[in-house]
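Working through the structure, step by step
Listed here are the chains, written in short residue letters.
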Amino acid sequence: MRKGDGMPDALSEHYADLLEGSYDCVDRLVLNAYFRMGHSGGGFRTWWQKLYGSEEHLDNAHLMRLAGRFGRRLRAFAKARNIPVVDCKRGERKHEIAEAYLSRHTGKPGLFLILVSKAQAPVWEISGKCHLERKKPMPYVNHYSFHIWDPEWGHITLKISGHPPFPAQVILNGHEYVACQARRKKIDFEKEGNCFTRITDAAGLAQIADTLSEERMIGRLTEVCERWIYTTCLCFALSLEEQERSEFHYQYSVYQAEYSRNLLFQRGARMEQVFQAMVDRSRAPLGIERVKTLLGCKRRPTFHRKDSPSRRWGVVVEKPTYDLTVFKIVCRRITLKIYTKGERVLRLEALVHNTKELGCGRELIRFPRIVVRLRQLLERFVQVLSWVDFCFIADETLEQLPQSAWVGQTRVGGIDLNQARMRAVAEAVVTLAALPRGFSASTLATEVQSRGQAEYTPRRATYDLKKFRAKQLVCKIEHTRRYEATRNGVRALTALLVLRDKVIKPLLAAACRRQRHRQTRNLTVVDQHYETLRSTMSKLFIELGIAA
């Protein structure tokens, strides 16, 4: 067992007996490639003068000709080399088209597919006296997706706009990189889609995956971009001589990134049981309104023991179709989720849709810092899941909760969960516990208001947070005005809320029911267990003399 810092997390440690191993890996990575000079009016004018020697032809017609030349050259090149060019219609899933062609690809390095689709992009418009301004709103123009097989990164995609200044995106996959490097080091593995399902040398594979977060990866990312973007993509708009004459050079920034932790279970059935139980226990306390399930047909291969010949040969279903449940928490442009991947892999993932949200810079030189921040977000998510999954109440906490306490020199009241307001605050604290950078009093107030407390204000939230801090259920983040729930705080609050809502209230409601209803026929197993529990608790209340 391992994770990024070399120690097993609480969740992996708890299910260690069911796991074969685990590994962390940078997953999908999207880099923005941009020509900085071309994104300002003065810079674009200067670049045009270097390209053509003057501003004589700086007009809309010549800009459109430049875009048209891109498409004509590209199609002529592809036709001469029998490279398929597919014009995608609106709504088509381009990655599925690419996968179909990739399955027939021989693995030879180079370009094997070009997809053409329309998307928004910045486009310059020339008005009187060569005045440059952006078209608003941004128009939909042709984008060309170059699907390339790289010897070090496997399948990569370069998507470039046909209009100057030709902004581009480079889409990479960390699992593909790890697979290519593992083959070079002759590490035996089996891979289904975007995950490893069998690993003979887990330590060696983990060591390769860890290189994705090192400083030297900045150079490798730059190298793979520059290996293809000028000679394979941009050359249709500007020849190499024109690129050199106009000093056209891309700079790179990290736009999107994913970081995943993959738990490899010994048996797929056990993984399903663990995951579904985790969803059931965690959904309500964490305030998940919707758990999306994509229904499919279960066709799991027959389970073989570790020492059986079938297991030794590693028979793998090539394209399994399973039930897929996605457990997701969305926090602005950050998504945290758990889902099953393949037959026996449970994946926990932190995804940032725009790295600006992380507040640590977007330039490519910031890449290791971005990976560290994503790892921290994932660690927090895993911690909160484990706290909710293994909740408990210490006896001293239960007794001292309603009593007053001190925060510094201030005496505050206790926490009475019989009050609707305090119950709403407790539920909101557990819901916000998974937020990556904690929460503020205003965020807590908004969450409590959504639970029926319309008059709840940030001022009240600040006072109630003092109560929770006095009981060590919540702590304040140093040098900020934000708070985060503690480990024991999440466990205690979750246990209290679950016991009250799922056990005490139903039992009291059943015990106090006076009217006898006609017995339902064809009771399910769950109904029979509930009826047995209700009747037994009623007898217990009568025996203790507390029945109404």
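Only a predicted model underlies this, so the values are computations on that prediction, with no experimental measurement involved. (Residues numbered from 1 in each chain as written. Predicted model: local features only at pLDDT ≥ 70, side-chain atom pairs only at ≥ 80, totals over all residues. Heavy atoms only, no water.)

1. Here's the deal with the overall build of the protein
Each helix and strand counted, the protein has 17 helices and 19 strands in total. Counting all 548 residues of the protein, 47% fall into the buried class. In the structure as shown, the protein presents an accessible area of about 29,200 Å², 50% of it carried by carbon and sulfur atoms. (Helix = DSSP H or I, 4+ residues; strand = E, 2+ residues; numbered from the N terminus. Buried < 20%, exposed > 50% of the residue type's maximum accessible area, 1.4 Å probe, protein only. Areas by Shrake-Rupley, 256 points an atom, 1.4 Å probe, with all protein chains shown as cover.)

2. What to know about the side chain of N262
Inspection of the secondary structure puts N262 in strand β11 (residues 251–265). Within the structure, the side chain of N262 is placed 3.3 Å from the side chain of S260, a separation counted as a polar contact. In this view, N262 contacts G21, S22, Y23, H175, V345, L346 and R347; residues no more than four positions away in its chain are not counted. (Polar contact = N/O pair within 3.5 Å; in protein donor to acceptor, adjacent residues only side chain to side chain. Contact = heavy atoms within 4.5 Å.)

3. Quick look at the nonpolar core
Across soluble globular proteins, nonpolar side chains have a tendency to be buried as a group. Membership of the largest hydrophobic core comes to 139 residues, with the highest contact counts inside it found for F146, F166, Y250 and L444. Broken down by element, the residue count for this core peaks at 12 residues, all from helix α11 (residues 367–389). Sequence-distant contacts of L444, that is, excluding residues within four places in its chain, are made with V425, A428, V429, L432, F439, A461 and L465. (Core = buried A, V, L, I, M, F, W, Y, C linked by side-chain atoms within 4.5 Å.)

4. A short note on the pattern of salt bridges
Inspection of the entire model under this criterion finds 27 salt bridges. D27 is paired through a salt bridge with R347; the nearest N and O atoms lie 3.2 Å apart. A residue pair is termed long-range when its members are at least 10 positions apart, and D27 in strand β1 (residues 19–34) and R347 in strand β15 (residues 345–352) qualify at 320 residues. Judged by its relative accessible area of 2%, D27 falls in the buried class. For R198, the salt bridge is made with D188, and the minimal N-O distance between the two is 3.1 Å. Of this pair, R198 sits in strand β10 (residues 195–199) while D188 sits in the loop between α5 (174–184) and β9 (189–192), and the two are 10 residues apart along the sequence. The exposure class of R198 is buried, given its relative accessible area of 17%. One continuous salt-bridge network, built from bridges that share partners, spans D9, D24, R261 and E379. (Salt bridge = Lys/Arg side-chain N within 4 Å of Asp/Glu carboxyl O.)

5. Comments concerning the packing of helix α2 (residues 41–52) against helix α3 (residues 60–80)
Running from amino to carboxyl end, α2 crosses α3 at an angle of 70°, the nearest separation of the two axes being 14 Å. Put simply, α2 runs roughly perpendicular to α3. Contact residues: α2 offers F44, W48 and Y52, while α3 offers H62, L63 and L66. Looking at the contact of α2 with α3 residue by residue, the classes come out as 5 nonpolar, 1 polar and no charged. (Axes fitted to C-alpha atoms, helices over the stretch in contact; angles between N-to-C directions. Parallel < 35°, antiparallel > 145°, perpendicular 65-115°, else oblique. Nonpolar A, V, L, I, M, F, W, Y, C, P; charged D, E, K, R; others polar.)

6. Quick notes on the environment of L358
Examined against the element boundaries, L358 turns out to sit in the loop between β15 and α11. On the basis of relative accessibility, which here comes to 3%, the residue L358 falls in the buried class. Separated by 25 residues in sequence, L358 and R333 place their C-alpha atoms 9.1 Å apart. Those residues in contact with L358, other than ones at most four positions away along the chain, are I334, V352, I370, R373, L374, L377 and R437.

7. Here's the deal with the state of the cysteines
Using the criterion set out here, one finds 0 disulfides in the structure. The thiol sulfur of C233 is not disulfide-bonded, and the nearest other cysteine sulfur, from C235, lies at 7.4 Å. (Disulfide = S-S within 2.5 Å.)

8. A short note on the packing of helix α9 (residues 268–283) against α11
Look at α9 against α11: their axes get within 9 Å of each other, and the N-to-C directions meet at 85°. Considering the angle they form, α9 stands roughly perpendicular to α11. Here α9 contributes M278, R281 and S282 to the contact with α11, which in turn contributes L385, V388 and D389. Partitioned by chemical class, the residues of the contact of α9 with α11 number 3 nonpolar, 1 polar and 2 charged.

9. Comments concerning the confidence of the model for the protein
Of all residues in the protein, 88% attain a pLDDT of 70 or more, and the chain-wide mean is 84. Here residues 1–6 scores under 50 on pLDDT; set against residues more than four positions off or in separate chains, the count is 19 contacts. Confidence drops under pLDDT 50 across residues 295–322; counting only partners more than four residues distant or on other chains, this segment forms 43 contacts. (pLDDT = per-residue confidence, 0-100.)

10. Points about the packing of aromatic side chains
In this structure the tally under the stated criterion is 20 aromatic pairs. Geometrically, the ring pair formed by W47 and F248 is edge-to-face, given 6.0 Å between the ring centres and 65° between the ring planes. Residue W47 is found in helix α2, and its partner F248 is found in the loop between α8 (240–246) and β11; the two are separated by 201 residues along the sequence. The exposure class assigned to W47 is buried, which follows from its relative accessible area of 1%. (Phe/Tyr/Trp six-rings, centres within 6.5 Å; stacked < 30°, edge-to-face > 60°.)

11. Concerning α9
Since the α-helix advances by 3.6 residues per turn, residues separated by three or four positions end up pointing in the same direction. Helix length check: α9 (16 residues) gives 22 Å between terminal C-alpha atoms against 22 Å at 1.5 Å per residue, within 8%. The complete set of buried residues in α9 reads G268, M271, E272, V274, F275, M278, V279 and S282. (Expected span 1.5 Å × (residues − 1).)

12. Observations concerning a nonpolar patch on the surface
On the surface, a nonpolar cluster with roughly 320 Å² of combined accessible area is contributed by L499, V503, I504 and L508. Topologically, L499 is positioned in helix α16 (residues 487–511). (Patch = residues over 30% accessible without salt bridge, like charges linked within 9 Å, V, L, I, M, F, W, Y side chains within 5 Å.)

13. Overview of helix α13 (residues 420–432)
An ideal rise of 1.5 Å per residue puts 18 Å on 13 residues; α13 measures up with 18 Å between its terminal C-alpha atoms. The element α13 is largely enclosed, with a buried count of 10 among its 13 residues. For α13, the full list of buried residues reads M422, R423, A424, V425, A426, A428, V429, V430, T431 and L432.

14. Regarding the pairing of strand β14 (residues 334–341)
With 7 of 8 residues buried, β14 lies mostly within the body of the structure. Alignment of β14 against β15, held across 8 bridges, turns out to be antiparallel. Looking across to β15, one finds that T335 is bridged to L351. Counted along the chain from β14 to the antiparallel partner β15, the turn is 3 residues long, and its residue G342 has a positive phi close to 75°. (Pairing = 2+ DSSP bridges.)

15. Looking at the pairing of β15
Burial runs high along β15: 8 of the 8 residues are buried. Because side chains alternate across β15, one face comprises the buried residues V345, R347, E349 and L351, and the other comprises L346, L348, A350 and V352, equally buried. One ladder, built from 8 bridges, connects β11 with β15; its direction is antiparallel. Looking across to β15, one finds that E258 is bridged to L351.

16. A short note on unusual backbone geometry
Going from K136 to P137, the amide bond is cis rather than trans, its omega being -10°. Examined against the element boundaries, P137 turns out to sit in the loop between β5 (131–134) and β6 (140–150). At the junction of P164 and P165, the peptide bond is cis and its omega measures out at 15° in the coordinates. You can see P165 is positioned in the loop between β7 (154–161) and β8 (168–173). The residue K186 is not glycine, and still its phi comes out positive at about 60°.

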